[in-house]
Amino acid sequence: MIMDNSDILLESNLADLVHRGKVRDTHTIGEETLLMVSTDRISAYDVVMPNAIPDKGAILNQMSVFWFALTRNIVPNHLISFAMDTDTIDIPENVKRRSMIVRKADRIDIECVARGYITGSALQEYKDTGTIAGIDMPQGLREGDRFKDPIFTPATKAETGHDENISIDAMKDIVGEELTNTLERITLEVYDFAHQYALERNIIIADTKMEFGFIEGQLCLIDELLTPDSSRFWDRGLYSPGKTQPNYDKQYVRDWLGAQGWDREPPAPELPQEIVAKTSIRYREAFDKLTGTKLR
Ligand SMILES: Nc1ncnc2c1ncn2[C@@H]1O[C@H](COP(=O)(O)OP(=O)(O)O)[C@@H](O)[C@H]1O
Ligand SMILES: [Mg+2]
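What you see is a predicted model; the values in this text were computed from it and never measured. (Residues numbered from 1 in each chain as written. Chains lettered and ligands numbered in written order. Predicted model: local features only at pLDDT ≥ 70, side-chain atom pairs only at ≥ 80, totals over all residues.)

Asks: Just to check I follow, could you spell out the overall build of the chain for this structure?
Replies: Helix and strand counts for the chain come out as eight helices and 17 strands. Computed over its C-alpha atoms, the radius of gyration of the chain comes to 19 Å, within 12% of the 19 Å expected for a compact globule of 296 residues. With the C-alpha coordinates of the chain rotated into their principal frame, the extents come out at 55 × 50 × 35 Å. In the chain, the proportion of contacts linking residues at least 24 apart, taken out of those at least 6 apart, comes to 63%. (Helix = DSSP H or I, 4+ residues; strand = E, 2+ residues; numbered from the N terminus. Rg over C-alpha atoms; globule rule 2.2 N^0.38 Å. Contact = placed C-beta atoms within 7 Å.)

Asks: How should the site of ligand 1 be read in this particular structure?
Replies: In the vicinity of ligand 1 lie 16 residues, with Gly21, Arg24, Ala105, Ile222 and Asp223 positioned nearest. Within the residue set of the shell around ligand 1, elements represented by two or more residues are β2 (24-29), β7 (99-103) and β15 (203-215). Grouping the constituent residues of the shell around ligand 1 by class yields four nonpolar, five polar and seven charged. Of the residues that make up the shell around ligand 1, three or more belong to each of domain 1 (5-104 + 253-260 + 271-291) and domain 2 (107-213 + 228-238). (Near = placed C-beta within 6 Å. Nonpolar A, V, L, I, M, F, W, Y, C, P; charged D, E, K, R; others polar. Domains from an automatic or database assignment.)

Asks: Help me out: how do you make sense of unusual backbone geometry in this one?
Replies: Negative phi is the rule for most residues except glycine; trans is the rule for most peptide bonds. In this structure, proline 267 follows proline 266 across a cis peptide bond, with omega equal to 0°. Relative to the helices and strands, proline 267 resides in the loop between α7 (251-260) and α8 (273-291). One non-glycine residue, aspartate 55, adopts positive backbone phi at about 75°. You can see aspartate 55 is positioned in the loop between β5 (47-52) and α2 (56-71). Here aspartate 55 falls in the partly exposed class, since 18 other C-beta atoms lie within 10 Å of it. Positive phi values are uncommon outside glycine, yet aspartate 223 reaches one of about 65°. Looking at the secondary structure, you find aspartate 223 in the loop between β16 (218-222) and β17 (231-235). On the neighbour-count criterion, aspartate 223 (22 C-beta atoms within 10 Å) is buried. (Buried ≥ 20, exposed ≤ 12 C-beta atoms within 10 Å, placed from the backbone.)

Asks: How should the sheet that holds β2 be read in this particular structure?
Replies: Each strand in a sheet pairs with its neighbour through backbone hydrogen bonds, running either in the same direction (parallel) or in the opposite one (antiparallel). Pairing within the open sheet is antiparallel, and its five strands lie in the order β1-β2-β3-β7-β6. Each edge of the sheet is formed by a strand with only one pairing partner; in this case those strands are β1 (16-20) and β6 (79-82). If you compare each strand with its neighbour and ignore which way they point, the axes differ by 25° on average. Where strand β3 (residues 33-38) meets β7, five bridges bridge the pair, whose relative direction is antiparallel. Residue pairing across strands places valine 37 opposite serine 99, the latter belonging to β7. (Pairing = 2+ DSSP bridges. Axes fitted to C-alpha atoms, helices over the stretch in contact; angles between N-to-C directions.)

Asks: Please explain the environment of arginine 254 as it appears in this structure.
Replies: Within the fold, arginine 254 resides in helix α7. Using a count of 13 C-beta atoms within 10 Å as the deciding quantity, one classes arginine 254 as partly exposed. Taking the C-alpha atoms as reference points, arginine 254 and isoleucine 205, separated by 49 residues in sequence, lie 19 Å from one another. In this structure arginine 254 touches Ala44 and Asn247, once residues within four positions along its chain are discounted.

Asks: Please clarify how the nonpolar core should be interpreted in this entry.
Replies: A general tendency of soluble globular proteins is for nonpolar side chains to be buried together. Grouped together as the largest cluster of nonpolar side chains are 64 residues, with contacts concentrated most on Met100, Ala194, Ile203, Ile205, Phe212, Leu221 and Ala286. At seven residues, the largest contribution of residues to this core is made by α2. A domain split of this core shows at least three residues from each of domain 1 (5-104 + 253-260 + 271-291) and domain 2 (107-213 + 228-238). Residues within four places of methionine 100 in sequence aside, it is in contact with Met36, Asn61, Ser64, Val65, Leu79, Ser81, Phe82 and Ala83. (Core = buried A, V, L, I, M, F, W, Y, C linked by C-beta atoms within 7 Å.)

Asks: Any chance you could explain the pairing of β16 here in plain terms?
Replies: Sheet faces and side chains relate simply in a regular strand, where the side chains alternate between the two faces. Note: β15 against β16, five bridges, orientation antiparallel. For phenylalanine 212, the partnering residue across the bridge sits in β16 and is leucine 221. What sits between β15 and β16 in their antiparallel hairpin is a turn of two residues, with glutamate 216 showing a positive phi close to 50°.

Asks: I tried to follow the environment of arginine 72 on my own but got confused; where do I start?
Replies: Along the chain, the position of arginine 72 falls in the loop between α2 and β6. Between the alpha carbons of arginine 72 and alanine 268 there is a distance of 38 Å; along the sequence they are 196 residues apart.

Asks: Just checking my understanding: could you explain the packing of helix α5 (residues 168-175) against helix α6 (residues 177-199) for this structure?
Replies: The angle between the axes and the distance between the axes are what describe a pair of packed helices. Running from amino to carboxyl end, α5 crosses α6 at an angle of 125°, the nearest separation of the two axes being 7 Å. Between α5 and α6, the crossing angle belongs to the class labelled oblique. α5 and α6 meet at a crossing whose hand is right-handed. The residues of α6 that touch α5, namely those facing Ile168, Met171, Lys172 and Val175, are Glu177, Leu179 and Thr180. Classifying every residue of the contact of α5 with α6 by side-chain character gives four nonpolar, one polar and two charged. (Parallel < 35°, antiparallel > 145°, perpendicular 65-115°, else oblique. Left-handed = near helix turned anticlockwise from the far one by under 90°.)

So this is what it looks like as structure tokens:
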């Protein structure tokens with residue numbers, strides 16, 4: 001789905017489109033580098049909406065860039081440059097602000113998820129079996145409760161459809177014990193740091209997904225990092241466990257879709273301008289609070 005002219009431009013004139021995700025487009029530039037472009041597309045319940053959210057692509061891209069810089073002392077990452085900060089690539093400014101240049105990695109096909117609070121698929125597993133990622137959990141946890149210590153819950157990366165949660169033992173069978181332990185440790189370390197950082201700025205990062213790969217033999221963080229698309233952001237001021245927590249960025253969209261009685265099957269209905277505008281403001285608020293920098 002092409003959401004704006006700049007995407008068309010990029011596709012035809014620039015670099016090879018190698019992957020089109022729900023929200024981001026990846027292009028190759030040369031042998032060893034990729035251009036990752038965040039679009040203004042938004043998905044809800046895994047379905048891409050017909051509307052674009054103004055500035056969402058720039059916000060998510062620049063948020064990843066921000067976190068990559070802040071966490072590089074914990075783990076190296078694939079970022080070469082925020083596209084606005086380099087002349088080496090000739091693309092329009094309105095695409096540059098949504099783009100980053102990264103090193104191509106040998107991806108590890110596991111989604112590394114850190115969770116500080118019980119919600120989503122972890123809550124479902126807990127209700128079903130009393131475990132999370134196959135590990136016994138204390139009784140009596142309510143939806144949205146904070147864990148005593150954050151937990152690591154890996155998933156396989158499915159080429160199509162939904163990613164599947166797996167146990168830590170199953171991950172060891174796939175990538176080995178040593179790498180599993182390393183990824184668990186790094187994922188939790190990055191999460192702990194970011195969670196604390198965000199909490200002080202009144203955003204709760206309830207959980208987040210990271211991807212890793214090897215670049216010239218070195219283990220690196222890849223993909224996007226600690227964005228509202230790869231994480232659950234909650235408003236600290238509204239946090240109240242025991243029920244479903246409002247989503248920081250997508251709640252207006254979800255509420256509106258719910259009120260329409262949409263069955264969550266594509267196509268999604270066109271969002272009203274008011275919902276689009278309010279949602280854009282929410283992303284901007286998250287960016288401003290977290291980064292304290294000017295959106296470019
Ligand atoms: N540095 C990198 N090297 C190789 N692949 C990467 C790198 N960074 C991210 N990727 C991969 O690029 C793809 C980006 O896709 P994405 O836009 O997230 O869509 P989706 O996950 O829905 O397929 C993912 O498969 C991700 O694992
Ligand atoms: Mg992805």
